Amino acid sequence: MFEDLKPHIAELRERLVYSILALLVAFFICFGFWEIILEWMVAPLKESLPKGSDVIFTKVGEAFFTALKVSFFTGFILSLPVIFWQFWMFIAPGLYENEKVLVIPFVVSASLMFFLGAMFAYYVVFPIGFSYLVNFGSQLFTALPSIGDYVTFFAKLMIGFGISFELPVLTFFLAKLGLVDDKSLKDFFRYAIVIIFIVAAVLTPPDVISQFLMAIPLIILYGVSILIAKAVNPYQEPDEKIEETIDDEE
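Residues numbered from 1 in each chain as written. Predicted model: local features only at pLDDT ≥ 70, side-chain atom pairs only at ≥ 80, totals over all residues. Heavy atoms only, no water.

Draft legend 1. Here's a closer look at the side chain of Gln-86. Within the secondary structure, Gln-86 sits in helix 4 (residues 80–91). Beyond its immediate sequence surroundings of up to four residues, Gln-86 is in contact with Arg-15, Tyr-18 and Ser-19. (Helix = DSSP H or I, 4+ residues; strand = E, 2+ residues; numbered from the N terminus. Contact = heavy atoms within 4.5 Å.)

Draft legend 2. View of the packing of helix 8 (residues 167–176) against helix 11 (residues 208–232). Packing of helix 8 against helix 11 brings their axes to within 9 Å, and their N-to-C directions diverge by 25°. Taken together, the axis directions place helix 8 and helix 11 in an arrangement best described as roughly parallel. Relative to helix 11, helix 8 is oriented so that their crossing is right-handed. On the side of helix 8, the interface is formed by Leu-167, Pro-168, Thr-171, Phe-172, Ala-175 and Lys-176, while helix 11 contributes Leu-218, Leu-221, Tyr-222, Ser-225, Ile-228, Ala-229 and Val-232. Here the residues of the contact of helix 8 with helix 11 sort into 10 nonpolar, two polar and one charged. (Axes fitted to C-alpha atoms, helices over the stretch in contact; angles between N-to-C directions. Parallel < 35°, antiparallel > 145°, perpendicular 65-115°, else oblique. Left-handed = near helix turned anticlockwise from the far one by under 90°. Nonpolar A, V, L, I, M, F, W, Y, C, P; charged D, E, K, R; others polar.)

Draft legend 3. Spatial organisation of the environment of Glu-14. Relative to the helices and strands, Glu-14 resides in helix 1 (residues 2–31). Glu-14 sits 76 residues away from Phe-90 along the chain, and the two C-alpha atoms are 9.0 Å apart.

Draft legend 4. Structural detail: the pattern of salt bridges. Counting across every chain of the model gives three salt bridges. For Arg-15, the salt bridge goes to Glu-11, with nearest N and O atoms at 2.8 Å. Taken together, the positions of Arg-15 and Glu-11, both in helix 1 and four residues apart, correspond to about one turn of that helix. Lys-183 is paired through a salt bridge with Asp-187; the nearest N and O atoms lie 2.9 Å apart. Taken together, the residues Lys-183 and Asp-187, both in helix 9 (residues 182–187) and four residues apart, mark about one turn of the helix. (Salt bridge = Lys/Arg side-chain N within 4 Å of Asp/Glu carboxyl O.)

What follows is the structure, encoded as structure tokens:
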């Protein structure tokens, strides 16, 4: 059994090596511009800070490690097309020839949806969420957020929204492979709502506004995913499937 897994392990290792190399190249490029990138990342927070507040660092080396985190996060975003490509190359041997040609649509759509999710977080969720969180209790306290903690928080939310927006892409390819159809997604809808709000609660700050700002788009995307599945792999009654099988045999 282990002998049968060796080729797959070797293939996985090769794909991981290419992905890591792409990430490292992007990391070193981004490290040369980390200050510009950090200014862009901090902009939503600074716009929400009350007068007299500022972003600070409190630990020795925090500024340096923040630069590393900024570069790694940005490098990860830039290397996503390569990572998606390598993922597809890993699963390609198990696909039919007509499915293998979907590599470019997969890479482009997956990268685009991740980017859209991240931008939705930056331009919609952050201004609303930060305005509420930072100014809550500002009449009693002075807000002095740590830059290291903020960058970690920022990256977590951006990646969380990016992954969440992959739902239609994932549904399309699962439906293309015949693993899901519109009926199965409709039947799972009530459970999906619960899972979506749990995910939103885990990935967003502990306030109801941010949770709803993630949950509502996810619910809409789930509805879009049902339509995608219906277009790609519509549910068929058992009698219809039998008739199609007979027609194929003839």
